[in-house]
Amino acid sequence: MNKHHHNTSSPCPHCGRRGGFPAHLALSALFLAAAVFFWWSGRRGAAVAAAPDAAAKPASIGALSEERVAYMLSPAGADACGSCLTAADKFLLGKVGVAAAARTRGMVLVRAGEYQVGSPPGVGDPDEQPRHAVALDAYYLDAHEVTVSDYMKFAEAVQANYPEWAKPAAKGGTSAVRADAAAVIASCPSCPVMGVSPKDADAYCSWAGKRLPTEAEWEAAARGGTETAFSFGDSPDGIGEYAWYEVNSGGMPRPVGTKKPNPLGFYDMHGNVWEWTADFYDKGYYAASPKRSPAGPEKGRDHVLRGGSWAFDPGSLRSGNRASSAKANDDIGFRCAAGKAEIDRLAEADAAAAI
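How each quantity is defined
Residues numbered from 1 in each chain as written. Predicted model: local features only at pLDDT ≥ 70, side-chain atom pairs only at ≥ 80, totals over all residues. Heavy atoms only, no water. Disulfide = S-S within 2.5 Å. Helix = DSSP H or I, 4+ residues; strand = E, 2+ residues; numbered from the N terminus. Buried < 20%, exposed > 50% of the residue type's maximum accessible area, 1.4 Å probe, protein only. Core = buried A, V, L, I, M, F, W, Y, C linked by side-chain atoms within 4.5 Å. Pairing = 2+ DSSP bridges. Phe/Tyr/Trp six-rings, centres within 6.5 Å; stacked < 30°, edge-to-face > 60°. Lys NZ or Arg CZ within 6 Å of the ring centre and 35° of its normal. Axes fitted to C-alpha atoms, helices over the stretch in contact; angles between N-to-C directions. Parallel < 35°, antiparallel > 145°, perpendicular 65-115°, else oblique. Contact = heavy atoms within 4.5 Å. Nonpolar A, V, L, I, M, F, W, Y, C, P; charged D, E, K, R; others polar. 1 Å grid on protein atoms, 1.4 Å probe; cavity = no way out; pocket = protein on both sides within 12 Å on 5 of 7 lines; lining within 4 Å. Points joined across faces, edges and corners; volume = space filled by probe spheres on them. Arc of directions from axis to C-beta. Salt bridge = Lys/Arg side-chain N within 4 Å of Asp/Glu carboxyl O.

A.B. asks: Lay out the state of the cysteines in plain terms, naming residues and giving numbers.
C.D. replies: Applying the stated criterion to the full structure yields 2 disulfides. Note that cysteine 205 is cross-linked by a disulfide to cysteine 336, the S-S spacing being 2.1 Å. Looking along the S-S bond of the cysteine 205-cysteine 336 disulfide, the torsion reads about -85 degrees, which is the left-handed sense. With cysteine 205 in helix H7 (residues 198–207) and cysteine 336 in the loop between strand E8 (332–333) and strand E9 (337–339), this pair connects stretches of sequence that are 131 residues apart. Taking the relative accessible area as the measure of exposure, cysteine 205 reaches 0% and is therefore buried. What makes cysteine 336 buried here is its relative accessible area of 0%. For the protein, the bonded cysteines connect in the pattern 1-2, 3-4 when numbered consecutively along the sequence.

Next comes the structure, spelled out in structure tokens:
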């Protein structure tokens, strides 16, 4: 099949041919530019609706005007030159896919749907009840907790938001603390960063083009499609295969991703370090939580923490367990999220800018 198809009874106005391959390759660039124009402006649907079957044929190639693009997307234009646009669309979709993959490297997609959050009666604390369903839009979440190495690249780049143990003297720390920090980084750069506040965590995620996950997003990802106390079942037996906690951690955080992942491919959702979420904490929030995309109370002091840590018992590592704090600590870290719709929008912009 020819890459450029013309209807034999209706010559293409852009090269004047009734069939066969185009006389010059510049025509392909024209159609690609047309596709880019509508991909970027979001007006393709409007152009199709505005272009009747008998759309006027532009007299000559000239500039790529809206009139010319409208004709190419009309039934008459598509019949004459449609395969070129199809090829251009496929090319653009490939570019968008590459851009989206670059923006979500190291992340796992959680599909849109309804998820159960909270714990059943008799399990956990009162703030985990009632168990209820929430509808979430598709989103990405980091497969691993943010590491010391990655976080320190950010802190050094912006010269701010240093972890409590790594603040230089000019930022309120001491030389002794700085020396200790260097030792920690050198000994375990792949450990989860800790000693950061919710504001620090949010600043890192923004710098990386992401955001903190909501509490509901965090729990949906942690459960991995399960409704049991842990992502691997109701019994804590075997938790050492999935988590660093008080029994096996040796009293310190451990490198990320060294235990088994949950069913969705997330590591360390149980244990290693507690994780900040974007939500403010309210012990009674579940009783009045919105059914769709809950984002926590509008105001508050403490932020919700999830997942448990290297210093806690298995009960604190349950998928439904809720905790809270307002300050940095040596067993609190985080991971970042990003809405799929936002990633798609940014990837389209990246693809258009690269052409």
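Still more to cover.
A.B. asks: Tell me about the nonpolar core, and name the residues and values.
C.D. replies: Tyr151, Val193, Tyr204 and Phe334 are the most contacted members of the largest nonpolar core, which totals 25 residues. Broken down by secondary-structure element, the contributors of at least two residues to this core are helix H5 (148–158), H7 and strand E5 (274–280). The element contributing the most residues to this core is H5, with 5 residues.

A.B. asks: Could you give an account of the pairing of strand E6 (residues 303–306), with specific residues and numbers?
C.D. replies: The two faces of a sheet get side chains in turn, since along a regular strand they alternate between them. Pairing between E5 and E6: 3 bridges, direction antiparallel. Residue pairing across strands places tryptophan 276 opposite leucine 305, the latter belonging to E6. Judged from the 3 bridges that link them, E6 and strand E7 (residues 323–325) form a sheet pairing that is antiparallel. Across the sheet, residue histidine 303 finds its bridge partner in E7, namely serine 325.

A.B. asks: I'd love a proper account of the packing of aromatic side chains, names of residues and values included.
C.D. replies: Taken as a whole and assessed by the stated rule, the structure comprises 10 aromatic pairs. Seen from their ring centres, tyrosine 204 and tryptophan 207 are 5.9 Å apart, and the 45 degrees between their planes marks the pair as tilted. With tyrosine 204 and tryptophan 207 both in helix H7, this residue pair falls 3 residues apart, about one helical turn. Members of the aromatic cluster, each reached through a chain of ring pairs, are Tyr151, Phe154, Tyr204, Trp207 and Phe334. Here the basic side chain of lysine 259 rests over the ring of tryptophan 244, its NZ or CZ set 4.2 Å away from the ring centre. Over the ring of tyrosine 286 we find arginine 322; its NZ or CZ atom is 4.5 Å from the centre of that ring.

A.B. asks: Tell me about the packing of H5 against H7, and name the residues and values.
C.D. replies: Two numbers describe a pair of packed helices, the interaxial angle and the distance between the axes. Interaxial distance between H5 and H7 falls to 10 Å at its minimum, and their mutual angle equals 85 degrees. Comparing the axis directions of H5 and H7 gives the class roughly perpendicular. When H5 is examined against H7, the residues Asp150, Tyr151, Lys153, Phe154, Ala157 and Val158 are found in contact with a partner set consisting of Asp200, Ala203, Tyr204 and Trp207. A per-class count over the contact of H5 with H7 returns 7 nonpolar, no polar and 3 charged.

A.B. asks: Can you explain the pairing of strand E4 (residues 139–142)? Please cite residues and give values.
C.D. replies: Residue alternation in E4 divides its side chains into two sets, Tyr139 and Leu141 and Tyr140 and Asp142, and both sets are buried. For strand E1 (residues 107–110) and E4, the ladder comprises 4 bridges, and the chain directions are antiparallel. Bridge pairing in E4 links methionine 107 to aspartate 142. Pairing geometry for E4 and E9, over 3 bridges, is antiparallel. From the neighbouring strand, tyrosine 140 faces E9, where its bridge partner is alanine 338.

A.B. asks: Talk me through the layout of surface pockets; I want residue IDs and the actual numbers.
C.D. replies: When its volume is computed, the largest pocket comes out at roughly 360 Å³. Forming the boundary of the largest pocket are 17 residues, of which Arg105, Asp142, Asp150, Tyr204 and Lys210 lie nearest the centre. Tallied by class, the residues present in the lining of the largest pocket amount to 6 nonpolar, 4 polar and 7 charged.

A.B. asks: An account of the sheet that holds E4 is requested, with residue identities and associated values reported.
C.D. replies: Two modes of strand pairing occur in sheets, parallel and antiparallel, and in both the strands are linked by backbone hydrogen bonds. In space, the 3 strands of this open sheet follow the order E1-E4-E9, with antiparallel pairing throughout. Since the sheet does not close on itself, it has two edges, and those belong to E1 and E9, each with one partner. Averaged over all adjacent pairs, the angle separating strand axes in this sheet is 25 degrees, with direction ignored. Docked against the sheet, helix H8 (residues 215–223) engages E1, E4 and E9, running at close to 75 degrees with respect to E4. The sheet strands contacting helix H9 (residues 340–354) are E1, E4 and E9, and the helix crosses E9 at an angle near 75 degrees.

A.B. asks: Tell me about H5, and name the residues and values.
C.D. replies: Since the α-helix packs 3.6 residues into each turn, any two residues three or four apart lie on the same face. Of all the residues in H5, the buried ones are Val148, Tyr151, Met152, Phe154 and Ala155. In a view along the axis of H5, the buried residues occupy a sector of 155 degrees, so they form one face of it. Seen from the open side of H5, the exposed residues pointing more than 90 degrees away from its buried face are Lys153 and Ala157. Looking one or two residues beyond H5, the residue adopting positive phi is glutamine 159, at roughly 55 degrees.

A.B. asks: Please provide a residue-by-residue account of H8, values included.
C.D. replies: Counted residue by residue, H8 has 9 buried out of 9 residues, so it is predominantly covered. Within H8, burial applies to Glu215, Ala216, Glu217, Trp218, Glu219, Ala220, Ala221, Ala222 and Arg223. Downstream of H8 by a residue or two, glycine 224 has a phi angle that is positive, lying close to 60 degrees.

A.B. asks: Mind laying out the pattern of salt bridges, listing which residues take part and the relevant values?
C.D. replies: Under the defined criterion, the tally for this structure stands at 16 salt bridges. Of the charged contacts, one joins arginine 306 and glutamate 219 as a salt bridge, the two residues approaching to 2.6 Å between their closest N and O atoms. Of this pair, arginine 306 sits in strand E6 while glutamate 219 is found in helix H8, placing the two residues 87 residues apart along the sequence. A relative accessible area of 0% places glutamate 219 in the buried class. Its salt-bridge partner being arginine 345, residue glutamate 342 comes within 2.8 Å of it at the nearest N-O pair. Of this pair, glutamate 342 and arginine 345 both sit in helix H9, 3 residues apart, roughly one helical turn.

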